[in-house]
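# Structural overview for review
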Amino acid sequence: KPLLTSLLDGYNVCIMAYGQTGSGKTHTMMGSHSLDEHSRTQQEAQTQGIIPKAAVELFRLISEKPSDSHTVEVSVMEVYNNEVFDLLARDKHGNVTGQHRDIVTTSSGAIQITSLTYEPVRSPSEVMQAVNSVQKLRAHCPTLVHADSSRSHLIVTLTISSKSPNALALGETHSCTGFSASSPCPSPSYSPCPSPRHSISQTPFRTKLQLVDLAGSECVGMSGVSGAALWEVSCINRSLSALSDVLGALAEQRPHVPYRNSKLTHLLQDSIGGDAKLLVMLCVSPTQRFITESLQSLGLGTRARQVHKELPRKKNTPLKVR
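Just so you know, these numbers come straight off a predicted model, no measurement behind them.

Scoring rules and cut-offs
Residues numbered from 1 in each chain as written. Predicted model: local features only at pLDDT ≥ 70, side-chain atom pairs only at ≥ 80, totals over all residues. Heavy atoms only, no water. Helix = DSSP H or I, 4+ residues; strand = E, 2+ residues; numbered from the N terminus. Contact = heavy atoms within 4.5 Å. Patch = residues over 30% accessible without salt bridge, like charges linked within 9 Å, V, L, I, M, F, W, Y side chains within 5 Å. Areas by Shrake-Rupley, 256 points an atom, 1.4 Å probe, with all protein chains shown as cover. Salt bridge = Lys/Arg side-chain N within 4 Å of Asp/Glu carboxyl O. UniProt positions renumbered as here; feature names shortened; annotations may be inferred. Buried < 20%, exposed > 50% of the residue type's maximum accessible area, 1.4 Å probe, protein only. Polar contact = N/O pair within 3.5 Å; in protein donor to acceptor, adjacent residues only side chain to side chain. Pairing = 2+ DSSP bridges. Expected span 1.5 Å × (residues − 1). Arc of directions from axis to C-beta. Core = buried A, V, L, I, M, F, W, Y, C linked by side-chain atoms within 4.5 Å. Phe/Tyr/Trp six-rings, centres within 6.5 Å; stacked < 30°, edge-to-face > 60°. Lys NZ or Arg CZ within 6 Å of the ring centre and 35° of its normal.

## Some words on the environment of Arg303
Here Arg303 lies in helix α10 (residues 291-305). Leaving out residues up to four positions away in the same chain, Arg303 has contacts with Ser244, Asp245, Leu247, Gly248 and Ala251.

In structure tokens, the structure reads:
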């Protein structure tokens, strides 16, 4: 919940589930049932994953803001064989197809995906409808670990845009220190009480929440695959290795962080670096057979916990009138 509050303060946020195939990553992120607005029992709430719960909490926070002050858009991508695909893209007949996209870094350091499909959403159920509608497009392949193993990283992005300032607007009336109510401030050019100015919070912002269901981290030998599936495992492991390298560079505060060593880390760059906020959830199998994979996952978790960023200042500091 505090991470979602940070979204409305102007920070990018990333929540990802990491672990081997079958350890519960998709269950953690998606839950066992899709979100139904008419289902609100405690048992049903417990079956929801991070994505539907985050959608509910985000719209709850937005509902506490002035009406129509924020808009939300959803996009769904997968990183498969080190390439990015837009799963919400549609063909000329209106069918979702999944199309290849490129990553572009703007001059300000923001990450953009060329021609990415954004769908406006107004409720948690609309978010889950969009996500569930493209689940069948995600790459799957049977392995020795799981009969229906996901072979790609799934990234669900909720983009929040503010449309109105939270602070004092220009032209509003204020009282001035040192002047009585019956003696208003003279002209601003001659007064110690200047006219209100734009603050950071008065600039409309655009932040994103990236919810990531990573592909399984098991080694090739454990997967027992061959042929084209072997290449999939190789791409998965290289991208997860790149993620580990990025976390290591952030933990050691190196001057160069190798985000571009993988499309996965490049795509997530402005949601895990800088003043963005990142939460890594480890999914670990309790089975003795997978002890090597479990230790590897815990090793990445140790590296992630070593990342300490300076406490950022709140971005939408209220305007102070002196």
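And the narrative resumes.
## Re a nonpolar patch on the surface
Taken together, the side chains of Leu282, Val284, Ile291, Leu295 and Leu298 define a hydrophobic patch exposed on the protein surface, amounting to about 390 Å² of accessible area. Counting residues per element, the nonpolar patch draws most heavily on α10, at three residues. Structurally, the position occupied by Leu298 is in helix α10.

## Side note on the UniProt feature "binding site: ATP" (unreviewed entry) in the protein
Mapped onto the present numbering, the UniProt feature "binding site: ATP" (unreviewed entry) falls on Gly19, Gln20, Thr21, Gly22, Ser23, Gly24, Lys25 and Thr26. Structurally, Gly22 is set in the loop between β1 (13-19) and α2 (25-30). Assessed through its relative accessible area of 59%, Gly22 is described here as exposed. In this structure the side chain of Lys25 is engaged in a polar contact, spanning 3.2 Å, whose partner is the backbone oxygen of Gly19.

## Some thoughts on the pattern of salt bridges
Within this structure, the stated rule accounts for nine salt bridges. Between Asp270 and Lys208 there is a salt bridge, with its nearest N and O atoms 3.1 Å apart. Of this pair, Asp270 sits in helix α9 (residues 269-272) while Lys208 sits in strand β11 (residues 206-213); the two residues are 62 residues apart in sequence, bridging distant segments of the chain. What makes Lys208 buried here is its relative accessible area of 13%. Among the ionic pairs, Glu252 bridges to Arg254, the shortest N-O distance being 2.8 Å. Each of Glu57, Arg60 and Glu64 takes part in salt bridges that share partners, so that together they form one network.

## A short note on the pairing of strand β3 (residues 83-86)
Remember that side chains alternate between the two faces of the sheet whenever the strand is regular. Across the two faces of β3 the burial differs, with Val84 and Asp86 buried and Glu83 and Phe85 not buried at all. With four bridges joining them, strand β2 (residues 70-80) and β3 adopt antiparallel strand pairing. Within β3, the position partnered with Glu78 by the bridge is Phe85. A loop of two residues connects β2 with β3, the two strands running antiparallel in sequence, and Asn81 in this loop sits at a positive phi of about 55°. Strand direction decides the pairing type here: β3 and strand β4 (residues 99-101), joined by three bridges, are antiparallel. When the sheet's bridge partners are listed, Asp86 is paired in β4 with Gln99.

## Comments concerning helix α4 (residues 50-63)
One turn of the α-helix equals 3.6 residues, which is why residues spaced by three or four share an orientation. With 14 residues, α4 extends 20 Å from end C-alpha to end C-alpha; this agrees with the ideal 20 Å at 1.5 Å per step. Taken together, the buried positions of α4 are Ile51, Pro52, Ala54, Ala55, Glu57, Leu58, Phe59, Leu61 and Ile62.

## Things to note about α10
Its 15 residues give α10 an end-to-end C-alpha distance of 21 Å, which sits within 8% of 21 Å, the value for a rise of 1.5 Å per residue. By the burial criterion, the buried members of α10 are Glu293, Ser294, Ser297, Leu300, Gly301 and Ala304. All buried residues of α10 fall inside an arc of 120° around its axis, so they share one side. Of the exposed residues in α10, the ones pointing more than 90 degrees away from its buried face are Thr292 and Leu295.

## Section: the nonpolar core
Val72, Val76, Val127, Val156, Leu209 and Leu211 are the most contacted members of the largest nonpolar core, which has 35 residues in total. Of the residues forming this core, the biggest block, seven residues, is contributed by α4. Ile103, Val212, Leu214 and Leu267 belong to the second-largest nonpolar core, a separate cluster that totals 30 residues.

## Side note on the packing of aromatic side chains
Evaluated as defined, the whole model comprises zero aromatic pairs. The residue whose ring lies beneath Arg206 is Tyr118, and the NZ or CZ to ring-centre distance is 5.4 Å. We note Lys277 situated over the ring of Tyr11; from NZ or CZ to the ring centre the distance is 4.9 Å.

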